Amino acid sequence: MRSSKQTSGSRTTASRASASRRTSRRTTAPRSGARVRACIVLASLRGFDELAAHVEPKRVLALLQEFVGAMTDVGVAHRATIDTVFSDGMRFLYGVPAPRRDDPLRAVRVAASLQRAALALRNRWLAAGERQA
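Let me sum up the structure you'll find in this document. (Residues numbered from 1 in each chain as written. Predicted model: local features only at pLDDT ≥ 70, side-chain atom pairs only at ≥ 80, totals over all residues. Heavy atoms only, no water.)

1. Side note on helix α4 (residues 103–127)
In a regular helix each residue adds 1.5 Å, so 25 residues correspond to 36 Å; α4 covers 36 Å between its end C-alpha atoms and thus fits that length. When α4 is considered as a whole, its buried residues turn out to be Asp103, Arg106, Ala107, Val110, Ser113, Leu114, Ala117, Leu121 and Trp125. Those residues of α4 that are buried are in contact with β1 (39–44), α3 (57–77) and β3 (89–94). (Helix = DSSP H or I, 4+ residues; strand = E, 2+ residues; numbered from the N terminus. Expected span 1.5 Å × (residues − 1). Buried < 20%, exposed > 50% of the residue type's maximum accessible area, 1.4 Å probe, protein only. Contact = heavy atoms within 4.5 Å.)

Below is the structure:
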């Protein structure tokens, strides 16, 4: 008969091995060319071309940095994978590299939060006198 200490230790070892397998599956990126189910959320600065045409380049860069910073904060808070930062926007992913059952709900929640953050940023820019915000 096993002592409770041995049984407990054996369960702990089995649990650790099981957790390790789950973790390795979660963090392993899909192989190249593999089809995966993912939710993609885009955040883009509307009217960027017009803004860039009428505002000093240094100011455009500062506004873009502020926008990307605010959107990044939202993405990180919602545990999104920040996939790409492009000229006037960002792409956030759910389901890559680790799919979860609630990925669609999480994507909708981050999209709503991104919209609120972008509106707050726009209102702050307008209050500061930005013409094209």
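2. A closer look at the environment of Val55
Structurally, Val55 can be placed in the loop between α2 (48–54) and α3. Looking at Val55, the relative accessible area reads 14%, which means it is buried. Sequence separation between Val55 and Glu130 is 75 residues; the distance between their C-alpha atoms is 8.8 Å.

3. What to know about the pattern of salt bridges
For side chains of opposite charge, pairing can occur when their charged atoms come near one another. Counted by the stated rule, this structure contains 4 salt bridges. In this structure, Arg124 and Glu66 form a salt bridge, with 2.6 Å as the shortest nitrogen-oxygen distance. One end of the pair, Arg124, is in helix α4; the other, Glu66, is in helix α3, and 58 residues separate them in sequence. Residue Glu66 is classed as partly exposed on the basis of its relative accessible area, which comes to 26%. A salt bridge links Arg100 to Asp102; the shortest N-O distance between them is 3.4 Å. With a relative accessible area of 40%, Arg100 lands in the partly exposed category. Asp102 gets classed as partly exposed once you look at its relative accessible area, which sits at 28%. (Salt bridge = Lys/Arg side-chain N within 4 Å of Asp/Glu carboxyl O.)

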